[in-house]
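Examining the three-dimensional arrangement
Each chain, letter by letter, is given below.
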Amino acid sequence: MPSLKSHVVSFVLRHSRKQAFASPENLQRWIAAARKTENHRPPASLHQRLDIQTHTVDGFPVYEIAPRDGEQKRILYLHGGAYVFEITPYHWHLIAEMADRLGYGITVPIYPIAPEHDFHAMFGMVGDVYRQMLAETEAEDIVFMGDSAGGNMAVVLTMMAAEDGLPLPSRHVLISPGLDMSLSNPKLFEAERNDPWLGIPGGLEAIRMYSAGIDRSDWHISPVYGDLSVLPKTLLLTGSRDLLTPDNLIFAEKARVAGVEVDIVHEEGMFHVWPLIDMPESRRARQHIVAFLSESRSPIRQDTRTIFEAPSAEAAE
């Protein structure tokens, strides 16, 4: 049963953030308001726990987060925000916990966002970040992690790297990713009613602003339609009250058919990117992430909650 806090968060989201996605005009107003207050810098409290360095790639900031005593493995973290909103303190606290618990370095690009920039600028920048990482770290020691739009970017970036003949990351961690931006699945209309956060009209507007005129069914925008066989072992976290979940389950089944090992955490009652918010369900989700990324190392304490398997693509449709 979902926790009391999750019900409170759902209520707040439905009466606040949900409004941003109710129409194209609403989304544009929320973006304009966000630009006046957004701050990509990590909260001051993180500097007391972690070594944080900054450099630039293609003129945009990149943060390097390192625990005091860490391994050589690294995570490329791609934040969500519908391609139009900046990284938030919620992202930073998840990133800090992963650095603390795993001992990995974490690279966080503050990539260009829409509508000021588009797909080409976004992936030009994060592609250059990945190339720099490869010059310093073996691909087998690199993990791509992303939430929402960042989960989409993680998958597309891997596909683009494969197309360019670059070494590929060893694992993916995808938190409520947007993997079919065509938003054409009829199941999404029912899912939208149950989702306290996302809406189709605003989502389509965000996609229009960043996609640079590329068709929404092109794999560069909707990686579910690309060559999934190039993807590494993947942990996919998705909730039953997330607009994106029906397509996430289809993606997982298609990836498995293509030969990709996919572990799924399908949390009943959970909304979009719930692992970012401090509540019992997010603590379970974060434990799954740590366990997934720690499999090749010494064992850690395992959470006893079951990892739910996705239904077949036919059942999800």
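How each quantity is defined
Residues numbered from 1 in each chain as written. Predicted model: local features only at pLDDT ≥ 70, side-chain atom pairs only at ≥ 80, totals over all residues. Heavy atoms only, no water. Helix = DSSP H or I, 4+ residues; strand = E, 2+ residues; numbered from the N terminus. Contact = heavy atoms within 4.5 Å. Areas by Shrake-Rupley, 256 points an atom, 1.4 Å probe, with all protein chains shown as cover. Lys, Arg positive; Asp, Glu negative; His and termini not counted. Charge placed at Lys NZ, Arg CZ, Asp CG, Glu CD. Core = buried A, V, L, I, M, F, W, Y, C linked by side-chain atoms within 4.5 Å. Buried < 20%, exposed > 50% of the residue type's maximum accessible area, 1.4 Å probe, protein only. pLDDT = per-residue confidence, 0-100. Phe/Tyr/Trp six-rings, centres within 6.5 Å; stacked < 30°, edge-to-face > 60°. Lys NZ or Arg CZ within 6 Å of the ring centre and 35° of its normal. Salt bridge = Lys/Arg side-chain N within 4 Å of Asp/Glu carboxyl O. Pairing = 2+ DSSP bridges. Axes fitted to C-alpha atoms, helices over the stretch in contact; angles between N-to-C directions.

This next bit is on the overall build of the chain. A tally of regular secondary structure across the chain gives 12 helices and 8 strands. Of the contacts formed within the chain by residues at least 6 apart in sequence, a portion of 76% connects residues at least 24 apart. Surface accessibility of the chain: about 13100 Å² in total, with carbon and sulfur atoms responsible for 52%. Taking the average location of the 29 positive side-chain charges in the chain and that of its 42 negative ones, the two points are 7 Å from each other.

We now examine the nonpolar core. Of all hydrophobic cores here, the largest spans 102 residues; its most connected members are Ile 65, Tyr 77, Val 108, Val 173 and Leu 293. Apart from residues lying up to four places away in sequence, Tyr 77 is in contact with His 91, Leu 94, Ile 95, Ile 106, Thr 107, Val 108, Pro 109, Met 145, Asp 147, Ile 175 and Leu 276.

The next thing to look at is the confidence of the model for the chain. Averaged over all residues, the pLDDT of the chain equals 93, while 93% of them reach at least 70. Within the model, pLDDT remains below 50 along residues 298-317, and this stretch shows 36 contacts once partners closer than five positions in the same chain are excluded.

So, about the packing of aromatic side chains. Within this structure, the stated rule accounts for 4 aromatic pairs. A ring pair is formed by Phe 119 and Phe 123, whose centres lie 4.6 Å apart and whose planes are at 35°; its orientation type is tilted. Of this pair, Phe 119 and Phe 123 both sit in helix 6 (residues 119-136), separated by 4 residues, roughly a single helical turn. For the pair Phe 119 and Phe 123, a shared accessibility class is recorded, and that class is buried. For the ring pair Tyr 130 and Phe 144, a centre distance of 4.9 Å and an interplane angle of 80° mean the geometry is edge-to-face. Taken together, the positions of Tyr 130 in helix 6 and Phe 144 in strand 5 (residues 142-147) put the pair 14 residues apart, joining distant regions of the chain. Grouping residues by exposure puts Tyr 130 and Phe 144 together as buried. In this structure, Arg 17 is placed above the aromatic ring of Phe 85, and the distance from its NZ or CZ to the ring centre is 5.2 Å.

Bringing the environment of Arg 256 into the picture now. Summarising the element assignment, Arg 256 is placed in helix 10 (residues 245-257). Under the relative-accessibility criterion, Arg 256 is labelled partly exposed at 24%. Taking the C-alpha atoms as reference, Arg 256 lies 18 Å from Leu 168; in sequence the two are 88 residues apart.

Let's shift gears to the pattern of salt bridges. In the structure shown here, the tally under the stated rule is 14 salt bridges. A salt bridge links Arg 74 to Glu 64; its shortest N-O distance comes to 3.4 Å. Linking Arg 74 in strand 3 (residues 74-78) with Glu 64 in strand 2 (residues 60-66), this pair joins segments that are 10 residues apart in sequence. The buried category is assigned to Arg 74, whose relative accessible area is 11%. The partner of Arg 101 in a salt bridge is Glu 97, and the shortest N-O contact between them spans 3.2 Å. Here the residue Arg 101 and the residue Glu 97 both occupy positions in helix 5 (residues 89-102), the gap between them amounting to 4 residues, near one helical turn. For Glu 97, a relative accessible area of 22% corresponds to the partly exposed category. Salt bridges here are not isolated pairs; linked through shared partners, they connect Arg 171, Lys 233, Glu 261 and Glu 295.

Before going further, it helps to spend a moment on unusual backbone geometry. With an omega of 5°, the peptide bond running from Ala 114 to Pro 115 counts as cis. For Pro 115, the position within the fold is in the loop between strand 4 (105-109) and helix 6. Although it is not a glycine, Ala 212 sits at a positive phi angle of roughly 55°. Tracing the chain through its elements places Ala 212 in the loop between helix 9 (200-210) and strand 7 (233-239). Unusually for a residue other than glycine, Val 273 sits at a positive phi of about 45°. Along the chain, the position of Val 273 falls in the loop between strand 8 (262-267) and helix 11 (280-293). Residue class for Val 273 comes out buried when judged on its relative accessible area of 5%.

Let us look at the sheet that holds strand 1 (residues 51-57). Read from one edge of the open sheet, 8 strands run 1-2-4-3-5-6-7-8, paired in mixed fashion. Because the sheet does not close on itself, it has two edges, and the strands there are strand 1 and strand 8. Taking the axes of each pair of neighbouring strands and ignoring which way they run, one obtains an average angle of 15° across the sheet. Both strand 5 and strand 6 (residues 171-175) contribute to a ladder of 5 bridges, which runs parallel. Paired with Val 143 across the strands is Arg 171, a residue of strand 6. Set on the sheet, helix 6 makes contact with strand 1, strand 2, strand 3, strand 4 and strand 5; between it and strand 3 the angle comes to about 175°.

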